[in-house]
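# Architecture at a glance
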Amino acid sequence: MERDTMLERVHSTRRPTLPGDDENNEEGDESKTKKTIPITTRILNFISRNALLWPFLALSFLALVFFSSVVFYTRTLVCVGSGPSSFDPHSRFGFFGFDGLESDFGSLGVPWCSWFIGVVPALGRSKHGKSVEWTSKDLISGLEEFIPLYENRPIKNNMFGMGFDHSFGLWFITRWLKPDIMIESGAFKGHSTWVLRQAMPNAKIISVTPRHPEKYLKKGPAYVDQNCTYFAGKDFVDFGNIDWKSVLKKHGVKDQSQVLVFFDDHQSELKSLYFLAQIHAPIRLRQALEAGFRHIVFEDNYDTGTGDHYSLRQICDQSYIRGGGHSCFKDSDEARTRARRKHFWEKAVDIDELCGPGEAWWGVRGYMRDDFNHSNTPITQAEHFQNSRFVESILDLYWEVPPTAGPSLTHQTRYDPSRSVPPIVEDGRYGLFQRVGLGRLDRSVFNGYTQMVYVQISKPES
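Residues numbered from 1 in each chain as written. Predicted model: local features only at pLDDT ≥ 70, side-chain atom pairs only at ≥ 80, totals over all residues. Heavy atoms only, no water.

Check the secondary structure of the protein and you find 17 helices and 11 strands. Taking all 462 residues of the protein together, 50% fall into the buried category. In the protein, once contacts between residues fewer than 6 apart in sequence are set aside, the share between residues at least 24 apart is 68%. (Helix = DSSP H or I, 4+ residues; strand = E, 2+ residues; numbered from the N terminus. Buried < 20%, exposed > 50% of the residue type's maximum accessible area, 1.4 Å probe, protein only. Contact = heavy atoms within 4.5 Å.)

Laid out in structure tokens, this is it:
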């Protein structure tokens, strides 16, 4: 019996391990079991035995967030161009979005011309609450189509002219509306004429500009369109003095509502003259209404406290409108925010620049600028208010062209996002930025954004 028992033990030690023997193995060699415990498990066991689990998890989470922030912000960090600048890009480096200096579009208020917001940002106040027909997807598709055209533009360095954001906006609006004829007031070297031509290759263009673009050809690149009628040079006539019904009739246009008018002449939309109970009349809008025009684009739609003419955006900046109105109190939240942002954005305006004598903040320090800032007329807040009421009475639609991309992608350093509508390609969407082709463009072309606006107007309702 004793011998049989010993033989059985010998055979059992030589028998190979079978799957069903796991439970027996757990009670076998204890030293082998200890060797298979991972180091992480030992650490977790130690932490749990000493009641340190929650502090450990909290520290681990913070470390993960910190690492993710480093990876994200180092990729999208706002950088300044090679030229000299007092704006430090590293000061905008805000982990976890604490500073919110890059993506806080509209945080200081955007003076809508309406309380109704459409699918696409920046619809303004209108009589009927109309919205634009296009969507964000349409804008992104438009970018993919327009960028290759823009890369082949004849005027590569359009200093003092339109940059990429407004070039795309004008092209997109024109291409979408498909007008019978296009009128531009202010052509400079002809870049806007070229943009209109890319949008409508076969449509006629009328260009009203003091100096003919061909004069610039002697000094460098310019664009002269062969299918364009120029009121320029010796033939120049101001937009408001042209008999548009007669001119359009010669061009075979019977319906003025099928005309797109583009203003880039730095003339105030509100001139210093009497109109309807002695208020400053919106001369360009009134002239457009009298001619029967409905579709208008203003290139330089300057924000309050900036620019060389009284703009629609300034008119829309009213205390009774959401996002409008300002306080000149130097210890206010707005004053502190503006002072901080002044260090980050070249076109940011602090309270001292915003407010003039008597705490006048409307227009530019209580003045209505005009004609490239050659004219400055003081206006009261009551007149400023009446101007907005007139604009509202004729406005069917107001849509500000969004920036094409956020500043961490375009590296722009001029306009302040806190006073702008959200961009088409938001900060952080680096893949989309590259996919549509924006990454191929030089960063300097993104520094000319001034809230271009498209409006539809009609005569006031009685």
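Quick look at the state of the cysteines now. A full pass over the atoms with the stated rule returns 1 disulfide. Disulfide pairing is shown between Cys328 and Cys355; the S-S distance is 2.1 Å. Disulfide Cys328 to Cys355: torsion about the S-S bond roughly -95 degrees, handedness left-handed. Here Cys328, found in the loop between helix 11 (312–316) and helix 12 (333–341), pairs with Cys355, found in the loop between helix 13 (351–354) and helix 14 (362–365); they are 27 residues apart in sequence, far enough to count as distant. Across this residue pair, the class does not change: Cys328 and Cys355 are buried. (Disulfide = S-S within 2.5 Å.)

On the surface, a cluster of positive charge is contributed by Arg211, Lys215, Lys218, Lys219 and Lys234. Tracing the backbone shows Lys218 in the loop between strand 2 (204–209) and strand 3 (228–232). (Patch = residues over 30% accessible without salt bridge, like charges linked within 9 Å, V, L, I, M, F, W, Y side chains within 5 Å. Areas by Shrake-Rupley, 256 points an atom, 1.4 Å probe, with all protein chains shown as cover. Salt bridge = Lys/Arg side-chain N within 4 Å of Asp/Glu carboxyl O. Lys, Arg positive; Asp, Glu negative; His and termini not counted. Charge placed at Lys NZ, Arg CZ, Asp CG, Glu CD.)

This paragraph deals with the side chain of Thr304. If you trace the backbone, Thr304 turns up in the loop between strand 7 (295–298) and helix 11. For Thr304, the side chain forms a polar contact with the side chain of Asp317, separated by 2.5 Å. Setting aside residues no more than four positions away along its own chain, Thr304 makes contact with Gln314, Asp317, His326, Leu354, Trp361, Gly363 and Arg419. (Polar contact = N/O pair within 3.5 Å; in protein donor to acceptor, adjacent residues only side chain to side chain.)

What follows concerns the packing of helix 6 (residues 136–151) against helix 7 (residues 164–177). It is at 10 Å that the axes of helix 6 and helix 7 come closest, and there the two elements cross at 115 degrees. Taken together, the axis directions place helix 6 and helix 7 in an arrangement best described as roughly perpendicular. Where helix 6 crosses over helix 7, the two elements pack in a sense that is right-handed. In this structure, helix 6 uses Asp138, Leu139, Gly142, Leu143, Glu145, Phe146, Ile147, Leu149 and Tyr150 to contact helix 7, whose residues at the interface are Phe164, Ser167, Phe168, Trp171, Phe172, Arg175 and Trp176. For the contact of helix 6 with helix 7, the residue count by class is 11 nonpolar, 2 polar and 3 charged. (Axes fitted to C-alpha atoms, helices over the stretch in contact; angles between N-to-C directions. Parallel < 35°, antiparallel > 145°, perpendicular 65-115°, else oblique. Left-handed = near helix turned anticlockwise from the far one by under 90°. Nonpolar A, V, L, I, M, F, W, Y, C, P; charged D, E, K, R; others polar.)

This part takes up helix 6. With 16 residues, helix 6 should reach 22 Å at 1.5 Å per residue; the first-to-last C-alpha distance of 23 Å fits that figure. In the structure, helix 6 departs most strongly from a straight axis at Glu145, where the bend amounts to approximately 30 degrees and where the proline Pro148 lies between one and four residues downstream. Along its buried surface, helix 6 packs onto helix 7, helix 8 (191–199), strand 10 (395–400) and helix 17 (430–435). (Expected span 1.5 Å × (residues − 1). Bend = angle between axes of the 7 residues up to and from the residue.)

What follows is about helix 8. Taking burial as the measure, the 9 residues of helix 8 include 8 buried ones, the bulk of the element. Among the residues of helix 8, those classed as buried are His191, Ser192, Thr193, Trp194, Val195, Leu196, Arg197 and Ala199. On its buried face, helix 8 sits against helix 6, helix 7, strand 1 (181–185), strand 2, strand 3 and strand 4 (259–263).

For the protein, per-residue confidence averages 78 on the pLDDT scale, and 70% of positions sit at 70 or higher. A low-confidence stretch, residues 269–281 (pLDDT under 50), is modelled with 41 contacts involving residues beyond four sequence positions or located in other chains. (pLDDT = per-residue confidence, 0-100.)

Take the pairing of strand 7 next. Burial along strand 7 is two-sided: His295 and Val297 and Ile296 and Phe298, pointing in opposite directions, are all buried. Alignment of strand 4 against strand 7, held across 4 bridges, turns out to be parallel. Across the sheet, Phe262 pairs through a bridge with Val297, a residue of strand 7. The pairing of strand 7 with strand 11 (residues 453–457) spans 4 bridges and is classified as antiparallel. Note on strand 11: the bridge partner recorded for His295 is Gln456. (Pairing = 2+ DSSP bridges.)

A separate point is a nonpolar patch on the surface. Taken together, the side chains of Leu59, Phe61 and Leu62 define a hydrophobic patch exposed on the protein surface, amounting to about 350 Å² of accessible area. Examined against the element boundaries, Leu62 turns out to sit in helix 5 (residues 53–76).

Our focus in this paragraph is the pattern of salt bridges. Scanning the model with the defined rule gives 17 salt bridges in all. The closest approach of N and O atoms between Arg440 and Glu151, which form a salt bridge, is 2.9 Å. A residue pair is termed long-range when its members are at least 10 positions apart, and Arg440 in the loop between helix 17 and strand 11 and Glu151 in helix 6 qualify at 289 residues. When its relative accessible area of 27% is taken as the criterion, Glu151 is described as partly exposed.

Notably, Lys178 is not glycine yet its phi reads approximately 50 degrees, a positive angle. Position of Lys178 relative to the elements: it lies in the loop between helix 7 and strand 1.

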